[in-house]
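Now for the letters of each chain:
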Amino acid sequence: MKITKSIFGKDENDIEKFNKLDLDERSIVFYSEGPSYYVYFEHIIKELIENSDKKICYLTSSKDDPILKNKNEKIKTFYIGNNEITKLKFFYGLKARVLIMTMPDLGHFHIKRSKVFPVHYIYVFHSMKSAYAGLRKEAFDDFDTIFCVGQYHIQEIRAIEKLYNLKQKNLIGCGYGLLDGLLKVRSSLKQPNYLSKSGKKKILIAPSWSHLKHQNLLESAGLELIKTLLDANYHVTIRPHPMTIKEGSKVIKKIKTEFEKNPDFILETNTSSFDELFSSYGLITDWSGIGYEYAFVCERPVIYFGVPQKTDSLYEKINIVPFEISIRDKIGEIISNQNLEKLPEKIESLYGKINNFKDKIQKIRDDTISNIGKSGYVAASEIIRILNQEKK
């Protein structure tokens with residue numbers, strides 16, 4: 001699909017084209033705020049188009065979204081623009097039976113519930129972290145259904161509903177589609193080669209994002225961490241959080257200046273690729289959800305860099321230990337920037353005894369994540385059930 005610009009410099013969009021569709025043609029609508037979110041919907045969409053007669057509408061606010069090049073006749077794609085006023089007007093007037101999205105805070109910012117049609121709103125998690133990790137307590141209040149990763153999400157959301165006397169939502173323990181996809185890919189691969197072309201062990205550094213320096217791995221110790229690993233003859237790949245790149249972080253510029261000419265260093269900005277995840281000898285992160293993906297898919301421990309967690313009093317109020325804290329020391333080990341000189345020794349010790357972690361990681365994964373390998377089927381079945389109920 002070709003996206004052009006008008007003489008006024010505004011992006012043309014497909015809103016009028018979408019609004020001309022018959023209601024049955026837009027009964028199931030997915031909305032993506034960026035090009036990298038399709039992976040969280042893919043498993044659901046695949047089940048819907050393969051095992052039902054339903055057609056899918058996929059809305060995106062990114063003109064670079066690969067979904068716009070889709071060739072499947074059962075998926076109609078629409079670029080709706082990224083202007084907040086345009087989106088506000090569009091969603092106020094939305095006519096669809098079901099809208100599925102990964103963006104929280106429905107009703108509180110530029111995406112509001114429709115004023116003209118009883119749309120059923122479904123939230124899909126794009127992380128295995130605790131439900132309210134980094135989010136406001138109102139993040140899910142306006143959704144009708146939430147596709148939860150595991151029982152821990154259901155427990156957390158029910159506790160918040162009870163604490164603030166909120167209407168109970170339809171909570172479905174679906175599982176996590178991205179995990180299903182990665183496990184399937186991983187099972188089809190041969191034994192990974194953890195060495196670079198130069199024969200050095202590959203270490204992936206993949207931090208989360210925070211605008212506060214002391215909560216940001218790269219800001220607080222990035223340069224020293226990379227230098228320590230390179231000096232110890234490791235091959236190092238940095239995979240910054242998309243927000244770190246979007247915000248034009250100064251530390252990224254410093255890292256590029258310092259290390260980009262080193263053949264054993266890579267700055268990876270394509271966060272939709274998981275090749276580095278499968279082929280990394282070890283992973284270093286802070287509070288990023290990639291830690292669970294690496295542990296649960298590759299069945300290898302994680303090295304956690306001990307930056308402070310973003311404070312959240314919500315979990316104290318409901319007396320629940322967040323998922324990411326409860327399993328942190330069970331699927332890996334924690335280091336601090338005061339002990340960076342011991343990091344190479346820690347890496348060799350930890351990854352030299354991965355069998356000590358493998359069974360433990362498998363059990364935690366299987367005990368906490370719902371419907372492993374079947375999340376798409378469970379979610380698609382619930383969407384069909386909701387559609388049939390709404391029609392009645």
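Here the structure is shown first, and the text comes after it.
Residues numbered from 1 in each chain as written. Predicted model: local features only at pLDDT ≥ 70, side-chain atom pairs only at ≥ 80, totals over all residues. Heavy atoms only, no water.

Q: Teacher, can you tell me more about the layout of surface pockets here?
A: Regions of empty space are outlined by a rolling probe, equal in size to a water molecule, passed over the atoms. Size it by volume and the second largest pocket reaches roughly 460 Å³. What lines the second largest pocket is a set of 20 residues, and nearest its centre among them are E42, H43, G177, D180 and G181. Its residues placed into classes, the lining of the second largest pocket shows six nonpolar, seven polar and seven charged. (1 Å grid on protein atoms, 1.4 Å probe; cavity = no way out; pocket = protein on both sides within 12 Å on 5 of 7 lines; lining within 4 Å. Points joined across faces, edges and corners; volume = space filled by probe spheres on them. Nonpolar A, V, L, I, M, F, W, Y, C, P; charged D, E, K, R; others polar.)

Q: Help me understand unusual backbone geometry, please; the structure alone is not making it clear to me.
A: What you tend to see is this: most non-glycine residues have negative phi, and most peptide bonds are trans. The phi dihedral of D105 falls on the positive side, at around 65°, and the residue is not glycine. Checked against the element boundaries, D105 lands in the loop between β4 (98–101) and β5 (120–124). The phi angle at E299 is positive, at roughly 55°, despite the residue not being glycine. As for its position among the elements, E299 is in the loop between α10 (290–298) and β12 (302–305). On the basis of relative accessible area, E299 is assigned to the buried category, the value being 15%. (Helix = DSSP H or I, 4+ residues; strand = E, 2+ residues; numbered from the N terminus. Buried < 20%, exposed > 50% of the residue type's maximum accessible area, 1.4 Å probe, protein only.)

Q: Sorry, what's going on with the nonpolar core here?
A: Generally speaking, nonpolar side chains in soluble globular proteins are found buried as a group. Core analysis: the biggest nonpolar cluster contains 97 residues, and F140, L229 and F296 have the highest contact counts within it. Apart from the residues within four sequence positions on either side, L229 is in contact with I203, I205, Y234, V236, I284, L343 and I347. (Core = buried A, V, L, I, M, F, W, Y, C linked by side-chain atoms within 4.5 Å. Contact = heavy atoms within 4.5 Å.)

Q: So what exactly am I meant to see when it comes to empty space enclosed by the protein here?
A: Across all of its chains, the model carries one cavity of 30 Å³ or more by this definition. The calculated volume of the largest cavity comes to roughly 90 Å³. Elements with a contribution of two residues or more to the lining of the largest cavity: α2 (38–51), α5 (177–188) and α15 (375–391). Of all the elements, α2 adds the most residues to the lining of the largest cavity, at three residues. Partitioned by chemical class, the residues of the lining of the largest cavity number 10 nonpolar, four polar and no charged.

Q: Quick question: what am I supposed to make of the environment of F265 here?
A: Note that F265 resides in strand β10 (residues 265–267). With sequence-adjacent residues up to four places away left out, F265 is seen in contact with I226, H235, V236, I238, I255, F259 and E260.

Q: Which parts of the structure should I look at to understand the sheet that holds strand β11 (residues 282–285)?
A: In a beta sheet, neighbouring strands are held together by backbone hydrogen bonds and run either parallel or antiparallel to one another. One open sheet holds the six strands; their spatial order is β10-β9-β8-β11-β12-β13, and the pairing between them is parallel. Of all the strands in the sheet, just β10 and β13 (332–335) have a single pairing partner and so form its edges. Ignoring strand direction, the axes of neighbouring strands in this sheet form an average angle of 20°. Relative to strand β9 (residues 235–238), strand β8 (residues 202–205) runs parallel, the two sharing four bridges. Within β9, the residue paired with I203 across the bridge is V236. (Pairing = 2+ DSSP bridges. Axes fitted to C-alpha atoms, helices over the stretch in contact; angles between N-to-C directions.)

Q: When you look at helix α4 (residues 151–163) in this model, what are you seeing that I'm missing?
A: Because each turn of an α-helix spans 3.6 residues, side chains separated by three or four positions in sequence point in the same direction. The first and last C-alpha atoms of α4 sit 18 Å apart over 13 residues, in line with the 18 Å expected at 1.5 Å per residue. Two residues or fewer after α4 comes N165, characterised by a positive phi angle close to 55°. (Expected span 1.5 Å × (residues − 1).)

So far we have only geometry, and geometry alone does not tell us how the molecule works.
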